[in-house]
Amino acid sequence: QVQLWESGGGEAQPGESLRLSCAASMPLDYYAVGWVRQAPGKEREGVACISSPGSDAATHYADSVKGRFTISRDQANHLVYLQMNNLRPEDTAVYYCATETRLDCMGLYPQYDFWGQGAQVTVSS
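Heads up: these notes are all about the structure in this document. Bear in mind the structure is a predicted one, so any value in this text is a computation, not a measurement.

A few words now on the nonpolar core. Trp35, Leu82, Met84 and Tyr95 are the most contacted members of the largest nonpolar core, which totals 31 residues. Mapped by element, the contributors of at least two residues to this core are β3 (18–24), β4 (32–38), β5 (45–50), β7 (69–74), β8 (79–84), β9 (93–100) and β11 (119–123). Beyond its immediate sequence surroundings of up to four residues, Leu82 is in contact with Leu18, Arg19, Leu20, Trp35, Val47, Ala48, Phe69, Thr70, Ile71 and Tyr95. If you look at the next biggest cluster of nonpolar residues, it comprises 6 residues, including Cys49, Ala98, Cys105 and Tyr112.

Spelled out as C-alpha cells, the structure:
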C-alpha cells in the first residue's frame, strides 16, 4: 500500500505563491497522481492530475486553477509537487495528494486508491 505525506502548506496573501509537496513511500512512476482540495462546507474538488511517464505524462487542471497551478514529478525522490501561483482567497482549502493504481488520469477526480492526510492552505489579506 502506498503511503503519502503532504507538506508545504501554510498562509499566503492574494497574489503570492506556495508549493505543496507529496512524498511517497514507494516510487510513483507507474501511478497517476493528483491533488484534490476541500474548502469548508464544500465538496471535494479535483485540482490537478498527472499521468505516469510510462504513459504520456499528461497533465490536467480544473478550470479554476488553469494557468496558475502546475503539477510535476521528481521521480528519483518519490515526490509530486503542486506549484500554486497567483493565489486567491477562494483557493483556501485542505489539499490532499492522492494516487490511482493506473497509468493515466481518468478525469480530474478519478477513484483514487490512496490518500495523504492533507495540508491546509489559507489565502487571506
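Back to the text.
On to empty space enclosed by the protein, then. For the coordinates displayed, the defined rule picks out 1 cavity of 30 Å³ or more. Estimates place the volume of the largest cavity at around 40 Å³. In this structure, the largest cavity is lined by Leu28, Asp29, Arg73, Asp74, Gln75, His78, Leu79 and Val80. Of the residues contributing to the lining of the largest cavity, the split by class is 3 nonpolar, 2 polar and 3 charged.

This part is about the environment of Val47. Counting through the fold element by element, Val47 comes out in strand β5. Taking the C-alpha atoms as reference points, Val47 and Phe69, separated by 22 residues in sequence, lie 8.7 Å from one another. Setting aside anything within four residues of it in sequence, one finds Val47 in contact with Trp35, Val36, Arg37, His60, Tyr61, Ala62, Val65, Phe69, Leu82, Tyr95 and Leu108.

With that settled, consider the state of the cysteines. In a disulfide, the sulfur atoms of two cysteines are covalently bonded to one another. By the definition in use, this model includes 2 disulfides. The disulfide partner of Cys22 is Cys97, and the S-S distance across this bridge is 2.0 Å. With the S-S bond torsion at -75°, the cross-link from Cys22 to Cys97 turns out left-handed. Of the two residues, Cys22 is situated in strand β3 and Cys97 in strand β9; the sequence distance between them amounts to 75 residues. Accessibility expressed as a relative area gives 0% for Cys22, which makes it buried. Bridging Cys49 to Cys105, the disulfide has an S-S length of 2.1 Å. Judged by the torsion about the S-S bond (-90°), the Cys49/Cys105 disulfide is left-handed.

Right, let's get into the side chain of Glu6. When you line up the elements, Glu6 lands in strand β1 (residues 4–7). At 8.7 Å, Arg44 is the nearest oppositely charged side chain to Glu6, a buried residue that forms no salt bridge. Of note is the side chain of Glu6, whose polar atom sits 2.7 Å from the backbone nitrogen of Cys97. Not counting chain neighbours up to four residues away, the residues in contact with Glu6 comprise Ser21, Trp35, Tyr95, Tyr96, Cys97, Gly116, Gln117, Gly118 and Ala119.

For the coordinates displayed, the defined rule picks out 4 aromatic pairs. Their ring planes at 35° and their centres at 6.5 Å tell us that Tyr109 and Tyr112 sit as a pair that is tilted. A residue is classified by how much of its surface remains accessible, and Tyr109, at 38% relative accessible area, is partly exposed. Geometrically, the ring pair formed by Tyr109 and Trp115 is edge-to-face, given 6.4 Å between the ring centres and 70° between the ring planes. Its relative accessible area of 28% is what places Trp115 among the partly exposed residues. By way of ring pairs, the aromatic residues Tyr96, Tyr109, Tyr112 and Trp115 are connected into one cluster. Positioned above the aromatic ring of Tyr96 is the side chain of Arg44, whose terminal nitrogen or guanidinium carbon lies 4.3 Å from the ring centre.

Cut-offs and rules
Residues numbered from 1 in each chain as written. Predicted model: local features only at pLDDT ≥ 70, side-chain atom pairs only at ≥ 80, totals over all residues. Heavy atoms only, no water. Core = buried A, V, L, I, M, F, W, Y, C linked by side-chain atoms within 4.5 Å. Buried < 20%, exposed > 50% of the residue type's maximum accessible area, 1.4 Å probe, protein only. Helix = DSSP H or I, 4+ residues; strand = E, 2+ residues; numbered from the N terminus. Contact = heavy atoms within 4.5 Å. 1 Å grid on protein atoms, 1.4 Å probe; cavity = no way out; pocket = protein on both sides within 12 Å on 5 of 7 lines; lining within 4 Å. Points joined across faces, edges and corners; volume = space filled by probe spheres on them. Nonpolar A, V, L, I, M, F, W, Y, C, P; charged D, E, K, R; others polar. Disulfide = S-S within 2.5 Å. Lys, Arg positive; Asp, Glu negative; His and termini not counted. Salt bridge = Lys/Arg side-chain N within 4 Å of Asp/Glu carboxyl O. Polar contact = N/O pair within 3.5 Å; in protein donor to acceptor, adjacent residues only side chain to side chain. Phe/Tyr/Trp six-rings, centres within 6.5 Å; stacked < 30°, edge-to-face > 60°. Lys NZ or Arg CZ within 6 Å of the ring centre and 35° of its normal.

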